[in-house]
Amino acid sequence: MAIPEHSKSRISKRAASFTESVIREMTREAMKHGAVNLSQGFPDFAAPEDIKKKAQEAIAEDFNQYAITWGTKDFRDAITEKTKWFLGLDIDPETEITVTCGSTEGMIAGMMAVLDEGDEVVVFEPFYENYAPDAILSGAKPVHVALRYSDHEWNFDRDELRAAFNPNTKAVIICNPNNPTGKVFTRSEMEFIADLCKEFEVICFTDEIYEHILFDETQKDEADRKPRPEHISMAQIDGMRERTVVVNSLSKTYSVTGWRVGYCIAPPDISGAIRKVHDFLTVGAAHPLQKAGAYALSLPESYYDELQADYQKKRDFIVPVLQDAGFGCDYPEGAYYVMTDISGFGFDNDIDFTMHLIREVGVAVVPGSSFFKTPGLGDQQVRFCFCKTDETLEAAAERLRKLRNG
Ligand code: GLN
């Protein structure tokens, strides 16, 4: 198509200021080259039968028109009950919950509800790649604070974090358990962040979609492993409930990433604003899938125990495979990703290495630089995900062995 001559820019400055998602692009590359896809974090196994059946029944029972904009009553009630059981928090389903199209919409609707032009948003780096575009689309400016890897842990420098907060800071984003690092923030770290939020009147956006994916300690010897850490929500920290937006979804916990059903839990004034933004962005999330979501959230504790145990097995399979193939990495504490160091392979950068891995070895990953804003950081790292069937992980392992053996 011939684009007409024009003097005005046809693309907004905001849209021009960020790039396409590299994570989603890598899935397309994997499909093009027939690579085993360990890039984008979505399960390649079936969603639970009973949850699928509830969705089918809801369609058959004709829950096929718009739901209430901020979510069906039964789904919001189920969120309230599960949050009480899992986090011990009392949430009012009438005023504090907004059901969204995935946590992706939850995060951007939340940010558009809270942020103004000129506001600053503190984001830990490496980050899940949606956060900076979310901030930019909300008119705000992301300010990055490093998570650095040393002594087998990803940590931030408390002075550096404090220095990033100033009177223009309106929000901070944490992802806990963390994508891409697998870090689980300690109570002491969260209290430090909470104190800054209180001092500077800052809202905390907390992405907790991996809340049920936590692992035993990283020692290889099973006998030495400490029990897995407990999930702590920022909303549980003293004085944070009233300044926190919890973003969550069905995607990872119930293996239904394509359903696009998520939710925000926020104090009534912020929820009111999120509901307005959400209404005009999307009207609402899929009605029959919210019905199935109400069922999913009422599953017994054993469901979550099995999920963790399954993912822990997958983690414990893939990490030694990666280490043997020459990647520098440790066992993550949570989420389903492994960030790895590729400096042993002698490639100029992560993009060249990723393309080599996809095209010549047949395994797709996400280049590390897509999780960093600071130039140069991440260019000797790639991220693997392990939310895949044992067969897929075996197939990847087989191919990765070739990497070392040439
Ligand atoms: N969270 C997933 C990842 O980091 C992908 C999510 C998405 O693509 N919407 O790979």
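Draft legend 1. Representation of unusual backbone geometry. Between N176 and the following residue, P177, the backbone shows a cis peptide bond with an omega angle of -10 degrees. Tracing the backbone through its elements, the reader meets P177 in the loop between β7 (169-175) and α8 (187-200). That bond from N179 to P180 is cis: its omega, 15 degrees, falls within 30 degrees of zero. Even without being a glycine, S255 presents a positive backbone phi close to 55 degrees. For S255, a relative accessible area of 9% translates into the label buried. Within the chain, A335 stands out as a residue other than glycine whose phi angle is a positive 60 degrees. Structurally, the position occupied by A335 is in the loop between α11 (301-325) and β11 (337-341).

Draft legend 2. Summary view of the nonpolar core. The biggest cluster of nonpolar side chains holds 66 residues, and the ones touching the most others in it are Y254, F327, L357, F384 and L400. It is α11 that contributes the most residues to this core, nine residues altogether. Residue contacts for F384: discarding those within four places in its chain leaves L38, L322, F327, Y336, Y337, V338, T340, L357, V363, V365 and L400. Of all hydrophobic cores here, the second largest spans 53 residues; its members include V121, F165, I174 and F185.

Draft legend 3. Highlighting the packing of aromatic side chains. In this structure the tally under the stated criterion is 23 aromatic pairs. Between Y254 and Y303, the aromatic rings sit 5.6 Å apart at their centres with planes inclined by 20 degrees, giving stacked as the arrangement. Here Y254 is found in the loop between β9 (244-249) and β10 (262-265), whereas its partner Y303 is found in helix α11, with 49 residues between them in sequence. The residues Y254 and Y303 share a single accessibility class, namely buried. Pairing F327 with F384 gives two aromatic rings, centres 5.0 Å apart and planes at 85 degrees, and the pair type is edge-to-face.

Draft legend 4. Structural detail: the sheet that holds β11. With antiparallel pairing, the three strands of this open sheet are ordered in space as β11-β14-β13. Where the open sheet ends on each side, the last strands, each with one partner, are β11 and β13 (366-367). Here β11 pairs with strand β14 (residues 381-385) via five bridges, running antiparallel. Along β14, the bridge assignment pairs M339 with R383. Against the sheet, helix α12 (residues 350-361) engages β13 and β14, with an angle of about 40 degrees to β14.

Draft legend 5. View of the packing of helix α2 (residues 22-33) against α12. The contact between α2 and α12 brings their axes to 9 Å, and the two run at 35 degrees. Residue-level contacts link M26, E29 and H33 of α2 to T354, M355, I358 and R359 of α12. Looking at the contact of α2 with α12 residue by residue, the classes come out as three nonpolar, two polar and two charged.

Draft legend 6. Representation of the pattern of salt bridges within the structure. Using the criterion set out here, one finds 23 salt bridges in the structure. Residues E117 and R14 are paired through a salt bridge, measuring 2.8 Å at the closest nitrogen-oxygen approach. Of this pair, E117 sits in the loop between α5 (102-114) and β3 (120-125) while R14 sits in helix α1 (residues 13-16), placing them 103 residues apart in sequence. E160 serves as the salt-bridge partner of R148, at 3.0 Å between the closest nitrogen and oxygen. Of this pair, R148 sits in strand β5 (residues 148-150) while E160 sits in helix α7 (residues 158-164), placing them 12 residues apart in sequence.

Draft legend 7. Broad picture of the sheet that holds β7. Overall, mixed pairing links the seven strands, which are arranged β2-β10-β9-β8-β7-β3-β4 in an open sheet. Taken across any chain shown, the strands that pair with only one partner, and hence form the sheet edges, are β2 (97-100) and β4 (141-146). Neighbour-to-neighbour, the strand axes of this sheet turn through a mean angle of 20 degrees, independent of strand direction. One ladder, built from four bridges, connects β9 with β10; its direction is antiparallel. Paired with V246 across the two strands is I265, which belongs to β10.

Definitions and cut-offs
Residues numbered from 1 in each chain as written. Predicted model: local features only at pLDDT ≥ 70, side-chain atom pairs only at ≥ 80, totals over all residues. Heavy atoms only, no water. Helix = DSSP H or I, 4+ residues; strand = E, 2+ residues; numbered from the N terminus. Buried < 20%, exposed > 50% of the residue type's maximum accessible area, 1.4 Å probe, protein only. Core = buried A, V, L, I, M, F, W, Y, C linked by side-chain atoms within 4.5 Å. Contact = heavy atoms within 4.5 Å. Phe/Tyr/Trp six-rings, centres within 6.5 Å; stacked < 30°, edge-to-face > 60°. Pairing = 2+ DSSP bridges. Axes fitted to C-alpha atoms, helices over the stretch in contact; angles between N-to-C directions. Nonpolar A, V, L, I, M, F, W, Y, C, P; charged D, E, K, R; others polar. Salt bridge = Lys/Arg side-chain N within 4 Å of Asp/Glu carboxyl O.

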